[in-house]
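Descriptive structure summary
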Amino acid sequence: MASTSSDLILIVDDNPANLKLLFRFLKESGFKVLVASDGESAIAKVEQVLPDLILLDVMMPGLDGFETCDRIKKNPLTQDIPIIFMTALSELDSKVKGLNLGAVDYITKPFYQQEVLSRINLHLQLRQLNQALNSQNQQLLEEIKVRKSVEGKLRQLTQDLEQRVEQRTRELASALTDLEAQKERLSYEASHDTLTNLANRTLFVQHLSAALTQSKNDFAVLFLDLDRFKSVNDSLGHLVGDELLKAVARRLRNCIDDGDEIARLGGDEFAILVSGDRDRATTIAREILTQLQTPFFLGNYRVSTDASIGIVGGDEGYRNAIDVLRDADVAMYRAKKDGRGRFAVLTPEMQVLSLARLKLERDLPRALERQEFCLHYQPILNLQTKGLLGFEALIRWQHPERGLLFPGKFIVLTEETGFIQPLGDWILKTASEQLRQWQDRYDRALMMNANVSPIQLLQWKTDSTLESLLDSLPVELSRLKLEITESCFVEETSTAKIQILEQLHDRGIRLCIDDFGTGYSSLSRLHSFPIDTLKIDRSFVNNLYRERGGSAIVQTTIALAHHLGMDAVAEGIETQQQYSRLKELGCEFGQGYFFSRPLDLQQATQFLDSIF
């Protein structure tokens, strides 16, 4: 029976006939065959070629089959090769010995080929199966090893992840705690004044709005403004000013109950929301004024201050917290106007004035767009010749509901709202255009005076629009004279204003100090200003003969102007006697009802027609 096996068989037998027989038979069966005639050579070949199966004769000279088998099985490289003993021995002990040494089977001599082939194929198959099992076992062992390694790494990774999750959880919890704390801090800072730790305007308005929604309006609001705080800031510095605000806040807390709310609205303004009626509010106001009478000791400074307080009751039918604060502010200004260091309770008359002021404030921006403003012109004459020098342009507001309004009704409001700059620029442009028309019509070199607010001067300094404004004017700039109130030169910002005045003067515009003698300017600094004219206030003109020394004051002012190279103009001339005395004192120019009231455009043109 032929075989297709390519397995290598080693035949070990000292009998040449047996070797030859087995060699030929196995070759014909398809095996690769090696032969050895003794144990020593068999062992050497086994170690070199590693056969797939060994047929080993038991009885051989030298190393017999048992010893040869024992040595092969003890070698780790050859111990797995199946060995089949060939023997004529039939004793059971001999077979047991061979099996104990590691042999897998016995073949009894003489051989039966079919038996030999069957046993060889069986043990080769068993060996292959064993090798496959060993390979699978090894693979399983490797897989188990890998799995254990992976499981170990997974356990370590899981442990690391758990630790990282715990750490991250702690970090997130800490971050959340910090975030909540930061949120609370930001919320607190958004609703509180950082300097005094009082509620700020936003929080106070919220609390006041809540009080207004309650069915019982049993509350009152105190609006407090420190008197002379600006002088503390200017003279001692902002650090001392801040310390004063904090100290005032502490004293204000001492004057109210736990259920009352106090806030710093900004600057030196405070507001207090108190439960109860106006009587309790006035009691608290008196206590505050008493507390503020005690001087503050701030570092090395002893600082005194008082306050003006406005009071509004919650039973006035208010719906809006802003309206309450507005009216409390109105009452506070009344207290300040009445002498400071006192309080005032809102009255219906004050409220009417407040509402009227608010409406004017709302109407201002639209008034310029609707061309509701106009200029009136008051002639300025040469007192020596009564010849016309020019006009002073005076702003008027033709309000659609309130009629013609004079500057005293709205100029302060324009300064507070910032509307003074566009209005002031409009006055200068309109007056210049009118002057150009009159000069062309009458071929006369006239002057045009226009009033300029100190706030407008600062705005010119800030936004750098002055040069473009001057370039747009249609007249020679030397024909324009700007009148600035005397108080402009005694404020802290006078340096910046002087720079603007010098810029104006360099462009040829003439400058006049209006209402001279009423603003308490420093005479020692007067020479440093680029001034061309001193305008004598009407109060001095009116008192030329009414009070002792009235004439002397006017005479001194005229002499001062001449000494500094200026001319003098008197306003408010109403009588022939005043005119004659001013002319006698050497005053160059004048204006007033004695010559003419302020004229609208048509009247001013008719006035010019009458003299030219």
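Preceding this paragraph is the structure being described.
This report concerns the structure included in the present document. Treat the numbers as computed from the prediction; the structure is a model and nothing was measured.

The omega torsion of the bond from Lys109 to Pro110 falls at -5 degrees, within 30 degrees of zero and hence cis. Not every positive phi belongs to a glycine, and Arg228 is a case in point at roughly 65 degrees. On the secondary structure map, Arg228 appears in the loop between strand S6 (219–227) and helix H7 (229–236). Owing to a relative accessible area of 40%, Arg228 belongs among the partly exposed residues under this scheme. With a phi close to 50 degrees, Asp443 is a non-glycine residue in the positive phi region. Considering the arrangement of structural elements, one finds Asp443 in the loop between helix H13 (420–442) and strand S16 (447–451).

Turning next to the sheet that holds strand S4 (residues 83–87). Taken together, the 5 strands give an open sheet; going across it, the order is S2-S1-S3-S4-S5, and neighbouring strands pair in parallel fashion. Of all strands in the sheet, those with a lone pairing partner are strand S2 (32–36) and strand S5 (105–108), marking the two edges. Taken pair by pair, the neighbouring strands of this sheet meet at an average axis angle of 20 degrees, ignoring direction. Against the sheet, helix H3 (residues 65–74) engages strand S3 (53–57), S4 and S5, with an angle of about 175 degrees to S4.

Time to look at the pairing of strand S11 (residues 306–313). Extensive coverage of S11 is indicated by the burial of 7 of its 8 residues. Sheet topology note: the S6/S11 ladder contains 8 bridges and is antiparallel. What sits directly across from Asp227, in S11, is Asp306. Of the strand pairs in this sheet, S11 and strand S12 (residues 343–345) are connected by 3 bridges, and their pairing is parallel. Within the sheet, the bridge partner assigned to Ile311 lies in S12 and is Val345.

Phe373, Trp438, Met448, Trp460, Leu482, Leu504 and Leu582 are the most contacted members of the largest nonpolar core, which totals 70 residues. The leading source of residues in this core is H13, at 7 residues. With near-sequence residues (within four places) excluded, Trp460 lies in contact with Gln421, Asp425, Leu428, Val452, Thr465, Leu466, Leu469, Leu482, Ile500 and Leu504. Judged by nonpolar contacts, the second largest core, of 32 residues, contains Leu198, Ile272, Ala285 and Leu298.

Glancing now at the pairing of S2. Relative to S2, strand S1 (residues 8–12) runs parallel, the two being bridged by 5 bridges. In the strand pairing of S2, Leu8 is matched with Lys32. As a crossover connection, the stretch from S1 through helix H1 (residues 16–28) into S2 is right-handed.

So, on to the environment of Ala496. Summarising the element assignment, Ala496 is placed in helix H16 (residues 494–506). Those residues in contact with Ala496, other than ones at most four positions away along the chain, are Leu458 and Lys461.

Okay, the packing of helix H10 (residues 321–337) against helix H11 (residues 348–369) next. Relative orientation and spacing of two packed helices are given, respectively, by the angle between their axes and the distance between those axes. Between H10 and H11, the shortest axis-to-axis distance is 10 Å and the interhelical angle comes to 115 degrees. Relative to H11, the element H10 is oriented roughly perpendicular. In this structure, H10 crosses over H11, and the sense of that crossing is right-handed. Contact with H10, carried on its side by Arg326, Asp327, Val330, Ala331 and Arg334, involves Met350, Gln351, Leu353, Ser354, Leu355 and Leu358 of H11 and no other residues of that element. Classifying every residue of the contact of H10 with H11 gives 6 nonpolar, 2 polar and 3 charged.

Moving on, we get to the pattern of salt bridges. Between side chains of opposite charge, pairing is possible as soon as their charged atoms come close. All told, the structure shown has 27 salt bridges when counted by the stated rule. Here Lys359 makes a salt bridge to Glu401, at a shortest N to O gap of 3.2 Å. Of this pair, Lys359 sits in helix H11 while Glu401 sits in the loop between strand S14 (388–399) and strand S15 (403–405), and the two are 42 residues apart along the sequence. By relative accessible area, which is 33% here, Lys359 ends up partly exposed. Linking Glu467 and Arg507 is a salt bridge whose minimum nitrogen-to-oxygen distance equals 2.3 Å.

So, about the environment of Leu198. By the secondary structure assignment, Leu198 is in the loop between helix H5 (113–191) and helix H6 (201–213). Taking the C-alpha atoms as reference, Leu198 lies 50 Å from His376; in sequence the two are 178 residues apart. Sequence-distant contacts of Leu198, that is, excluding residues within four places in its chain, are made with His192, Asp193, Ala249, Arg253, Ile262, Ala263, Arg264 and Phe270.

Direction vectors running N to C along helix H2 (residues 39–49) and H3 enclose 20 degrees, while the axes themselves pass 10 Å from each other. Relative to H3, H2 is oriented roughly parallel. Judged by the sense of rotation from one axis to the other, the crossing of H2 with H3 is right-handed. Residues Gly39, Glu40, Ile43 and Val46 of H2 pack against Thr68, Arg71 and Ile72 of H3. For the contact of H2 with H3, the class distribution of residues is 3 nonpolar, 2 polar and 2 charged.

All chains considered together, the criterion is met by 15 aromatic pairs. Relative to Phe391, the ring of Tyr377 lies with its centre 6.3 Å away and its plane at 80 degrees, an arrangement referred to as edge-to-face. One end of the pair, Tyr377, is in strand S13 (residues 373–382); the other, Phe391, is in strand S14, with 14 residues separating them in the sequence. Phe391 shares its class with Tyr377; the two are buried. Centroid distance Tyr442 to Phe612: 5.8 Å. Interplanar angle 45 degrees. Geometry classified as tilted. Of this pair, Tyr442 sits in helix H13 while Phe612 is found in the segment after helix H20 (601–611), placing the two residues 170 residues apart along the sequence. Exposure remark for Phe612: the relative accessible area of 35% places this residue in the partly exposed category. The structure contains a cluster of three or more aromatic residues connected by ring pairs, namely Phe373, Trp397, Phe410, Phe419 and Trp426.

Let's shift gears to the side chain of Thr196. By the secondary structure assignment, Thr196 is in the loop between H5 and H6. At 2.6 Å, the side chain of Thr196 and the side chain of Asp193 are in polar contact.

As summarised here, the arrangement of the 5 strands in space is S7-S8-S6-S11-S12, forming an open sheet in which the pairing is mixed. Only two strands of the sheet have a single partner each, and these edge strands are strand S7 (261–266) and S12. Neighbouring strand axes in the sheet, compared pairwise and without regard to direction, differ in orientation by 20 degrees on average. Its contacts with the sheet put helix H9 (residues 278–293) on S6, strand S8 (269–275), S11 and S12, and the angle it makes with S11 is roughly 175 degrees.

This part is about H11. Taking 1.5 Å per residue, 22 residues should reach 32 Å; H11 reaches 33 Å between its end C-alpha atoms and fits that length. The largest bend in H11 comes to about 40 degrees, at Asp363, with the proline Pro365 one to four residues further on. For H11, the set of buried residues is Met350, Gln351, Ser354, Leu358, Leu360, Asp363, Leu364 and Ala367. Contacts made by the buried residues of H11 are with H10, S12, S13, S14, S15 and helix H12 (411–417). Within two residues after H11, Gln371 carries a phi angle of roughly 55 degrees, on the positive side.

Rules of the game
- Residues numbered from 1 in each chain as written.
- Predicted model: local features only at pLDDT ≥ 70, side-chain atom pairs only at ≥ 80, totals over all residues.
- Heavy atoms only, no water.
- Helix = DSSP H or I, 4+ residues; strand = E, 2+ residues; numbered from the N terminus.
- Buried < 20%, exposed > 50% of the residue type's maximum accessible area, 1.4 Å probe, protein only.
- Pairing = 2+ DSSP bridges.
- Axes fitted to C-alpha atoms, helices over the stretch in contact; angles between N-to-C directions.
- Contact = heavy atoms within 4.5 Å.
- Core = buried A, V, L, I, M, F, W, Y, C linked by side-chain atoms within 4.5 Å.
- Right-handed = clockwise from strand over helix to strand, strands pointing away.
- Parallel < 35°, antiparallel > 145°, perpendicular 65-115°, else oblique.
- Left-handed = near helix turned anticlockwise from the far one by under 90°.
- Nonpolar A, V, L, I, M, F, W, Y, C, P; charged D, E, K, R; others polar.
- Salt bridge = Lys/Arg side-chain N within 4 Å of Asp/Glu carboxyl O.
- Phe/Tyr/Trp six-rings, centres within 6.5 Å; stacked < 30°, edge-to-face > 60°.
- Polar contact = N/O pair within 3.5 Å; in protein donor to acceptor, adjacent residues only side chain to side chain.
- Expected span 1.5 Å × (residues − 1).
- Bend = angle between axes of the 7 residues up to and from the residue.

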